[in-house]
Amino acid sequence: MPTPKSKPFNGGARAAVIDTSSNSERERVFSAFRQWGYLEGDLDPLGFLRPRIAPELQIDSEYTREARAIYSSTIGVEINHIYAPERRRWIYERMESKPQEEDQARILDLLIRADVFEQVMQQRYLGSKRFSLEGVTALIPLVDEVLDTGSRLGATELVMGMSHRGRLNVIAHVAKRPPEEIFAGFEDVDPRSVLGSGDVKYHMGATGEYITRSGGKVHIHLVSNPSHLEAVDPVTVGRTRAKQDRTGEGGREKYLPLLVHGDAAFAGQGILAETMNYADLPGYTVGGTIHVVVNNLLGFTTSYLEEHSTRFAACIARRQSIPIFHVNGEDVDAVVRVARLATEYRYQFGTDVVIDLIGYRRHGHSEVDDPTVTQPLLYKKIKEHPLWEIYADDIGVTDAPAQAAAIKAEFEAAQKDAGKITKKPTLRELPSYWDRYYGGRHKPEFEVETGLAPEELAELSAHLTTYPDGFHIHPKVKKLLEQRAEMGEGKRPVDYGMAEALAFASLVKAGIPVRLSGQDSRRGTFNQRHSVLIDIEDENEYVPLENIAADQAPCGIHNSTLSEPGVLGFEYGYSRDYPEALVLWEAQFGDFVNVAQAIIDQFISAGEAKWSLLSGLVLLLPHGYEGQGPEHSSARIERFLQLAAKDNIQIAQPSNAAQYFHLLRRQALRHWRKPLVVFTPKSMLRHPDASSPIADFTHKNFQNVLPDLEIGEADRILVCTGKIGHELQAERKKRKDTSTAIVFLEQLYPFPEKELIAEFARHGDSGDIVWVQEEPANMGALFNMLPRLERIAGSRHVMSVKRSSSASPATGSAKAHEVEQKTLLTLAFTTKG
Ligand SMILES: Cc1ncc(C[n+]2csc(CCOP(=O)(O)OP(=O)(O)O)c2C)c(N)n1
């Protein structure tokens, strides 16, 4: 069946109360203000935002004042771009009704706490970076209201991603970690526990419980993040989706995602746009993320006028049919009202919403930075400007200073306690679904059996190659399924496509969910997968992997948007909250993986070292030199090897179909959870040399090294990985060479030293070892392998054969490629040290 589009979960819009079709004078005035009122709004506490006059609003009418008071006030609603009129009316109706009375005592308490928390840190840890929230502390009452409204509508957990600004404040006042735990970060206790690892205090994740205004309880999960602004966005959304998928029915109500952004980052970083772009797509939706732009109209030293080509930083969100609420951060009742409205909207329509919380930045970018150098006039104004005192005055509370003094004393006592802490506090608890899994160094006992009984393979194969009666199959796909059926019966060698299908089918049958996403992954870029069968008469879909067994686990194979960092970040996040599942991301060609480099560097390879957080994510990266040019050849093996240390990741290149099958099953079945980078084939996908007999699926496990059993004593041992090994075998045959062994290194990291030593020993102890690679000398595994090979070579001499160093990975000429490839093969058999 076609995948259903995501639906609003509260049954769509309410009946409209406002009649926008009326031609009355009132309606005409209101119509103008509903559309353009935000442009003249009183949105910036310091009047720094350049004012804008909308000619449409200069109307001489008895209704102008009324409309202006609603739409050009401290709230500005930007919703003209929402296609659905009933959604716009839903917002008008609420804007035009009388605001509810807010719990002002609670709001004031939250504001004082947030400001005083920063001031107490400033007092004691002068010279440390803390990225103060002062100037936008309305964020805390805002989140308080999101939690209250969310909880009333079904939220039991807030999954929150944010960067540096105000993070410590959020850890204290939203995640509710005791302040002494946070202050201990400044005291930098227990340095020996994090030698060479760990992270700065404003990157650490945190969990806690929040009691809402109405007494509801919401679990808070603040996601660990790197400095790379906005990189945490897709990770947070992916984590939310995994939590929702684990829950099934009702998951979208329970798990509410909230992303807090800086204004410069929101406008500037493409990964945010990528993340928002999949908000409504079936494979990725979370039923709406609430975005808050903590907008201080500055980025480090940069003015908002230099940050974006749009009026507001939030305008990037206008491409989606979702509301943007601008609000003056100093009218905190309005902030709370907007928070309620936005949360209700998310629950009503199941889409993203954006709150643009406009304030200012009290200090420099960090507290050690002097902002008067770049914005002298603004900072003169800011210096004189009160904080929570403004709200206390507005609501007529006179004893607020005493309240502030009491809160200050509380924090100062916590600072004293922090000085006594000797062990670095962990600000979070992991969910119990991580209990069974391990990180750290690899141990042999983590290995598992991955072979399957022949009968089981036959049964899986039957399910994979059949479809319902009356299904009109494409003739090409019919042929492919017939061939796959023969593979399952052992009548023809199994290729990669079938090997992968068998691995996935075996896992879902055993109750292990499988999720794969990538560009065109449902069919497969190289026509190799065909995971979804499409009826050629009505385009109905049939997914064999969803029809393996009645009680099977889910199998989701999704065509992703054309995004690398956004989607890879999502899948990393998904793997973080679904350790039991096999989660895979596939690059269209491995060459495009470098677009997502920050996700690889900051999360995938360093997540365990920095935050002790594990992931079993699999990256499938088509790799191999086939004359297709500089951007269709290399997934940059060298980059992954450079990132490898202390068994943080696994890097493999399975050179035949059975090896791929065992590798995928090993990843899912063992409880050692480490990211796995797989260099996958292109031309070898259906090549007979890389296909495997069905027998290889029954008994063997993944072999880190494929020995050369054809050759005993050898004068020369060629060590290689991937496609080149098959070409070397063909060349050896052509040469009728019987003294050269060809050894495939199937796992490049962790380096299988013992297996390789054993294999060398089988071929005697003299002669040469030659590392052969297709990549140029400055790329590929060469740099990593040579010292390792030299260490274990014994009396053998170690040499290498590779393309010449090059600034670009591969030639653009297919013919030049052939010449180069031929030369490589010749040199592999002839080069002398
Ligand atoms: C991807 C990336 N580029 C550059 C930086 C350096 N940097 C850190 S904070 C910052 C300014 C951020 O401004 P904004 O998003 O408005 O947030 P604010 O600090 O003003 O709250 C910059 C450029 C970074 N951390 N990440």
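Residues numbered from 1 in each chain as written. Predicted model: local features only at pLDDT ≥ 70, side-chain atom pairs only at ≥ 80, totals over all residues. Heavy atoms only, no water.

K.L.:
What am I meant to see in empty space enclosed by the protein here?
P.N.:
Empty space left among the atoms is revealed by rolling a probe the size of a water molecule over them. This structure, assessed with the given rule, holds 13 cavities of 30 Å³ or more. Taken together, 17 residues make up the lining of the largest cavity; nearest its centre are Thr137, Gly329, Glu330, Leu387 and Trp388. If you tally residues by element for the lining of the largest cavity, the top one is helix α14 (residues 388-394), at 3 residues. (1 Å grid on protein atoms, 1.4 Å probe; cavity = no way out; pocket = protein on both sides within 12 Å on 5 of 7 lines; lining within 4 Å. Points joined across faces, edges and corners; volume = space filled by probe spheres on them. Helix = DSSP H or I, 4+ residues; strand = E, 2+ residues; numbered from the N terminus.)

K.L.:
Would you mind going over the site of the ligand with me for this structure?
P.N.:
Neighbouring residues of the ligand: 15 residues in total, closest His164, Arg165, Asp263, Ala264 and Leu298. For the ligand, an oxygen atom lies 2.9 Å from a polar atom in the backbone of Ala264. Protein contacts shield 74% of the accessible area of the ligand, which totals 580 Å² for the unbound molecule. Elements represented by at least two residues in the shell around the ligand include exactly α10 (263-268) and β7 (298-299). Per-element accounting of the shell around the ligand gives the leading share, 3 residues, to α10. Of the residues contributing to the shell around the ligand, the split by class is 5 nonpolar, 8 polar and 2 charged. (Near = heavy atom within 4 Å. Polar contact = N/O pair within 3.5 Å; in protein donor to acceptor, adjacent residues only side chain to side chain. Areas by Shrake-Rupley, 256 points an atom, 1.4 Å probe, with all protein chains shown as cover. Nonpolar A, V, L, I, M, F, W, Y, C, P; charged D, E, K, R; others polar.)

K.L.:
What is the right way to look at the sheet that holds strand β21 (residues 740-745) in this model?
P.N.:
By definition, the strands of a sheet pair up through backbone hydrogen bonds, in either a parallel or an antiparallel sense. Taken in spatial order, the 5 strands of this open sheet run β19-β21-β20-β23-β24, and their pairing is mixed. Looking at the sheet topology across the chains shown, the edges are occupied by β19 (705-706) and β24 (797-803). Here 6 bridges tie strand β23 (residues 768-776) to β24, and the two strands are oriented parallel to one another. Pairing of Trp771 across the sheet is with Ser800, part of β24. (Pairing = 2+ DSSP bridges.)

K.L.:
Explain the sheet that holds strand β5 (residues 255-262) here, please?
P.N.:
An order of β1-β9-β10-β6-β5-β2-β4-β3 is seen for the 8 strands of this open sheet, with the pairing classed as mixed. Two strands bound the open sheet, and with one partner strand each, they are β1 (75-78) and β3 (206-211). Within this sheet the neighbouring strands show an average axis-to-axis angle of 20°, counted without direction. Bridge analysis of β3 against strand β4 (residues 217-222) gives 6 bridges, and the strand direction is antiparallel. Along β4, the bridge assignment pairs Ile211 with Lys217. (Axes fitted to C-alpha atoms, helices over the stretch in contact; angles between N-to-C directions.)

K.L.:
Any chance you could explain the confidence of the model for the protein chain here in plain terms?
P.N.:
Across the protein chain, the average pLDDT comes to 94, with 97% of residues at 70 or higher. Between residues 1-16, whose pLDDT stays under 50, and residues either more than four places distant or in other chains, the model counts 35 contacts. (pLDDT = per-residue confidence, 0-100. Contact = heavy atoms within 4.5 Å.)

K.L.:
So what exactly am I meant to see when it comes to the pairing of strand β9 (residues 324-328) here?
P.N.:
Within a regular strand, the side chains alternate between the two sheet faces. Judged by how many residues are buried, β9 sits mostly within the fold: 5 of 5 residues are covered. Neither face of β9 is left uncovered, since the one carrying Ile324, His326 and Asn328 and the one carrying Phe325 and Val327 both have all their residues buried. The pairing of β1 with β9 spans 4 bridges and is antiparallel. Counted as the bridge partner of Glu78 is Ile324 from β9. One ladder, built from 5 bridges, connects β9 with strand β10 (residues 353-358); its direction is parallel. Residue pairing for β10: His326 is matched across the bridge by Asp356. For the crossover from β9 across helix α12 (residues 332-349) to β10, the handedness is right-handed. (Buried < 20%, exposed > 50% of the residue type's maximum accessible area, 1.4 Å probe, protein only. Right-handed = clockwise from strand over helix to strand, strands pointing away.)

K.L.:
Looking at this structure, I do not really get unusual backbone geometry. What am I missing?
P.N.:
It is generally the case that most residues other than glycine have a negative phi and that most peptide bonds are trans. Here Tyr749 and Pro750 are connected by a cis peptide whose omega angle stands at -10°. The topology assignment puts Pro750 in the loop between β22 (747-749) and α25 (753-762). In this structure, Phe131 takes a positive phi of about 55° despite not being glycine. When you line up the elements, Phe131 lands in the loop between α4 (104-124) and α5 (139-152). Of note, the phi angle at Asp647 is positive, near 55°, even though the residue is not glycine. Here Asp647 lies in the loop between α22 (637-643) and β17 (650-652).

K.L.:
For this particular structure, what's the right way to read the environment of Ala404?
P.N.:
Relative to the elements of secondary structure, Ala404 occurs in helix α15 (residues 400-420). Residue class for Ala404 comes out buried when judged on its relative accessible area of 9%. In the structure, Ala404 is positioned 112 residues away from Val292 in sequence and 27 Å away in space, judged by C-alpha atoms. Those residues in contact with Ala404 that lie beyond four places of it in its chain are Ile112, Val116 and Trp388.

K.L.:
Got a minute to help me understand the nonpolar core in this structure?
P.N.:
Among the nonpolar cores identified, the biggest contains 171 residues, and Leu158, Met160, Val292, Leu619, Leu621 and Ile651 are the most heavily contacted of them. Here Ile651 is in contact with Phe640, Leu641, Ala644, Val677, Phe679, Glu746, Gln747, Leu748 and Tyr749, once residues within four sequence places are set aside. (Core = buried A, V, L, I, M, F, W, Y, C linked by side-chain atoms within 4.5 Å.)

K.L.:
Help me out: how do you make sense of the pairing of strand β6 (residues 290-295) in this one?
P.N.:
Buried residues dominate β6, accounting for 6 of its 6 residues. Of the two faces of β6, the one carrying Ile290, Val292 and Val294 and the one carrying His291, Val293 and Asn295 are both buried. Summarising the sheet, β5 and β6 pair through 5 bridges and their orientation is parallel. Residue pairing for β6: Leu258 is matched across the bridge by Ile290. Two elements, β6 and β10, share 6 bridges in a ladder whose sense is parallel. Across the sheet, Ile290 pairs through a bridge with Val353, a residue of β10.

K.L.:
Help me out: how do you make sense of helix α13 (residues 376-384) in this one?
P.N.:
Since the α-helix advances by 3.6 residues per turn, residues separated by three or four positions end up pointing in the same direction. When we look at burial in α13, the residues that qualify are Leu378, Tyr379 and Ile382. For α13, the arc enclosing every buried residue in end-on projection is 90°, short of the 170-degree limit, so these residues lie on one face. Counted as exposed and oriented over 90 degrees from the buried face of α13: Leu377, Lys380, Lys383 and Glu384. Considering only its buried residues, α13 is in contact with β7. (Arc of directions from axis to C-beta.)

K.L.:
Please explain the packing of helix α16 (residues 454-464) against helix α17 (residues 475-488) as it appears in this structure.
P.N.:
In a packed pair of helices, the relevant descriptors are the angle between the two axes and the axis-to-axis distance. Their axes nearest at 9 Å, the elements α16 and α17 cross at an angle of 170°. In terms of orientation, α16 lies roughly antiparallel with respect to α17. Contacts between α16 and α17 involve Ala458, Ser461 and Leu464 on the former and, on the latter, Leu481, Arg484, Ala485 and Gly488. Considered class by class, the residues forming the contact of α16 with α17 number 4 nonpolar, 2 polar and 1 charged. (Parallel < 35°, antiparallel > 145°, perpendicular 65-115°, else oblique.)

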